[in-house]
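Residue strings, one per chain:
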Amino acid sequence: MEFIDYYKILEIPKSATEDEIKKAYRKLARKYHPDLNPNNKEAEKKFKEINEANEVLSDPENRKKYDSYGKDWKQADAYEQARRQQGQSRRSSGQQYQSGEYGGDFSEFFESMFGGGGRRSNPSRFRGQDIQAELHLKLTEVFTTHKQTFSINGKNIRITVPAGVENGQVIKLAGHGAPGANGGPHGDLFITFSIENNTKFKREGSNLYANVDLDLYTALLGGEVLVDTFDGKVKLKVAPETRAGTNVKLKGKGFPVYKKDDQFGDLIITYGVNLPSKLSHEEKELFSKLKKMRDHGSE
Amino acid sequence: MAANSLISIEQVCTQYKVDDTFIRALNELGHIQVIVQHNDQYIIRDQLKDLESMIYFYTELQINIEGIDAIANLLKQIRELQDELMLTKNKLNLFENA
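None of these values were measured; they are calculated from a predicted model.

1. A word on the overall build of chain A
Inference 1: Looking only at helices and strands, chain A has eight helices and 11 strands in total.
Inference 2: Here chain A holds 299 residues, and 23% of them are scored as buried.
Inference 3: A sequence separation of at least 24 residues applies to 58% of the contacts in chain A between residues at least 6 apart.

2. A word on the overall build of chain B
Inference 1: Assigned secondary structure in chain B consists of four helices and three strands.
Inference 2: Listed by position from the N terminus, the elements making up chain B come as β-α-α-β-β-α-α.
Inference 3: Taking all 98 residues of chain B together, 20% fall into the buried category.
Inference 4: Sequence separation of at least 24 residues holds for 49% of the intrachain contacts in chain B that already meet a minimum separation of 6.

3. Looking at the pairing of strand β9 (residues 232-238) of chain A
A regular strand places its side chains on the two faces of the sheet in alternate fashion.
Residue and element names in this part refer to chain A.
Inference 1: Summarising the sheet, strand β8 (residues 223-229) and β9 pair through seven bridges and their orientation is antiparallel. Within β9, the position partnered with V227 by the bridge is V234.
Inference 2: From the end of β8 to the start of β9, which pair antiparallel, there are two residues.

4. Observations concerning helix α3 (residues 48-59) of chain B
Residue and element names in this part refer to chain B.
Inference 1: For α3, with 12 residues, the first-to-last C-alpha span of 16 Å sits near the 16 Å given by 1.5 Å per residue.
Inference 2: Turning to α3, its buried residues are L51, E52, S53, M54, I55, Y56, F57 and Y58.
Inference 3: Elements in contact with the buried residues of α3: α1 (9-16), α2 (20-28), β3 (40-44) and α4 (65-95).

5. Focus: the sheet that holds strand β2 (residues 34-37) of chain B
Working definition: the strands of a sheet are paired by backbone hydrogen bonds and lie parallel or antiparallel to each other.
All names here are of chain B.
Inference 1: Here three strands make up an open sheet; going across it, the order is β1-β3-β2 and the pairing antiparallel. This sheet does not close on itself; its edge strands, each paired only once, are β1 (6-8) and β2. Each neighbouring strand pair of the sheet contributes to a mean axis angle of 45°, computed without reference to strand direction.

6. Some words on the environment of D46 of chain B
Inference 1: Looking at the secondary structure, you find D46 of chain B in the loop between β3 and α3.
Inference 2: Once the C-alpha coordinates of D46 of chain B and S5 of chain B are considered, the two residues, 41 residues apart in sequence, prove to be 7.6 Å apart.

7. Points about the interface of chain B and chain A
Inference 1: The interface is formed by 21 residues belonging to chain B together with 18 residues belonging to chain A.
Inference 2: Contributing elements (two or more residues each) for the side of chain B that touches chain A: α1, α3 and α4 of chain B.
Inference 3: The leading source of residues in the side of chain B that touches chain A is α4 of chain B, at nine residues.
Inference 4: When grouped by side-chain class, the residues that make up the side of chain B that touches chain A number 10 nonpolar, five polar and six charged.

8. Topic: the nonpolar core
Inference 1: In this structure, I23, I43, M54, F57, Y58 and I68 of chain B are the most contacted members of the largest nonpolar core, which totals 18 residues.
Inference 2: For this core, the secondary-structure elements that each account for two or more residues are α1, α2, β3, α3 and α4 of chain B.
Inference 3: Looking at which element gives the most residues to this core, the answer is α3 of chain B, with six residues.
Inference 4: Among all residues touching F57 of chain B, those that are not within four sequence positions of it are I63, I68 and I71 of chain B.
Inference 5: Counting 17 residues, the second-largest nonpolar core is a separate cluster that includes L10, L28, Y32 and L57 of chain A.

9. Let's talk about the sheet that holds strand β10 (residues 247-250) of chain A
Residue and element names in this part refer to chain A.
Inference 1: Judged by pairing direction, the sheet is mixed, and its four strands sit side by side in the order β6-β7-β11-β10 without closing on themselves. Both edges of this open sheet fall to β6 (202-204) and β10, since each of them pairs with a single strand only. On average, adjacent strands in this sheet sit at an angle of 30° to one another, irrespective of strand direction.

10. Details of unusual backbone geometry
Residues and elements named next belong to chain A.
Inference 1: The backbone of E241 shows a phi angle near 60°, a positive value even though the residue is not glycine.
Inference 2: Within the fold, E241 resides in the loop between β9 and β10.
Inference 3: Residue K278 is not a glycine yet carries a positive backbone phi of 50°.
Inference 4: Position of K278 relative to the elements: it lies in the loop between β11 (267-274) and α8 (281-298).

11. Looking at the confidence of the model for chain A
Inference 1: Looking at chain A as a whole, the pLDDT averages 82, with 81% of positions reaching at least 70.
Inference 2: With pLDDT under 50 throughout, residues 87-103 of chain A is counted as low confidence; its partners more than four residues away or in other chains account for 36 contacts.

12. Comments concerning the confidence of the model for chain B
Residues and elements named next belong to chain B.
Inference 1: For chain B, per-residue confidence averages 88 on the pLDDT scale, and residues scoring 70 or more make up 94% of the total.
Inference 2: Mean pLDDT across the secondary structure elements of chain B bottoms out at α4, with 88, and peaks at α2, with 93.
Inference 3: Model confidence for the complex is summarised by a pTM of 0.58, with the ipTM given as 0.70.

13. A word on the packing of helix α2 (residues 18-32) of chain A against helix α3 (residues 41-57) of chain A
The relative placement of two packed helices is expressed as an angle between their axes plus a distance between the axes.
Residues and elements named next belong to chain A.
Inference 1: In the contact formed by α2 and α3, the axes pass within 9 Å of each other and the chain directions differ by 165°. One element, α2, and the other, α3, form an angle in the roughly antiparallel class. Seen from above, α2 lies across α3 with left-handed handedness. Between α2 and α3, the contacting residues are I21, Y25, L28, A29 and Y32 on the first element and A43, K46, F47, I50, N54 and L57 on the second.

14. Here's the deal with the pairing of strand β5 (residues 189-196) of chain A
Residue and element names in this part refer to chain A.
Inference 1: Pairing between strand β1 (residues 131-138) and β5: eight bridges, direction parallel. For L137, the partnering residue across the bridge sits in β5 and is I195.
Inference 2: Judged from the four bridges that link them, strand β4 (residues 170-173) and β5 form a sheet pairing that is antiparallel. What sits directly across from L173, in β5, is L189.

What counts and what doesn't
- Residues numbered from 1 in each chain as written.
- Chains lettered and ligands numbered in written order.
- Predicted model: local features only at pLDDT ≥ 70, side-chain atom pairs only at ≥ 80, totals over all residues.
- Helix = DSSP H or I, 4+ residues; strand = E, 2+ residues; numbered from the N terminus.
- Buried ≥ 20, exposed ≤ 12 C-beta atoms within 10 Å, placed from the backbone.
- Contact = placed C-beta atoms within 7 Å.
- Pairing = 2+ DSSP bridges.
- Expected span 1.5 Å × (residues − 1).
- Axes fitted to C-alpha atoms, helices over the stretch in contact; angles between N-to-C directions.
- Nonpolar A, V, L, I, M, F, W, Y, C, P; charged D, E, K, R; others polar.
- Core = buried A, V, L, I, M, F, W, Y, C linked by C-beta atoms within 7 Å.
- pLDDT = per-residue confidence, 0-100.
- Parallel < 35°, antiparallel > 145°, perpendicular 65-115°, else oblique.
- Left-handed = near helix turned anticlockwise from the far one by under 90°.

Next comes the structure, spelled out in structure tokens:
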């Protein structure tokens, strides 16, 4: 555990007045508050540091203790005990925002030096912290609606994952966040789905895309081909003289439409053509013959 | 609207120690929706999180109403851009490793 220089964090000298501390805190909080920096983990971390520094330096008693024992934080307990024996009364009750959202997370250094008692009482009720969680799923798993249990802060939460959920989509579970401060309501739980495509299909919304290679003869003369869909196989008729790059749409064979029961997107097949290799002497002759016929026909 | 989804403005003002003119100003700027039922004014519970942030900006960070308005509009744009970025990333996956 390392010593934390709260003065450095608030960018103020050790001689800073209460007013200067307040000003420095406001200035930095305006810059790094997580609500002003959505999805910015660095800002969130920085804000926690600023909040912690302010918690210590804006409270005269905490500041005194920090200034006396900051670097020798291990002696803080002895100091605390001695102080208690002297019967000094603790704490000021100045109203200070204790961020219910982001301020509850203090460093090991802070906890060691001030414990729970270092935090000031806050007469206001605040919502609990919102919790952000990421749920990793495979694409095959989100083809059907299913239940999923996962653990957040030691608590098991069972949710229904609707079929067709998108990669990066966020769902909110109201009231499943951290408990509020001073009897305030619970925060919310935000789950971001991270969906790994473990299939050969490409997905765009509810449409799926796949490439299917035809052999030269089927492409030229037409025929049938067995094609994989997401949940099985279908037999497709191939029209004669099908070119590479031709698209065929299989209606309703795509991915489920999010929260619309029994509705599916389309599967778009793009044909490719495989040329035969390692031709035998006879095949080469036949292709030459075909070429000549083409050349004469086109004259 | 279900009664339990509404919180009276009076209650909010008492709880957060703000003046009701602040809530009204946010309502006029379109950031908070005020609902009137039987001559009483309410906000929707779902808006509490945003309102709490704005109260914090106002009371603790000393950002005035105009500043909060600018922040709220810019945050809306950031969220829209982040959604768009996610959609674009998903679309890009279609072409990557094709």
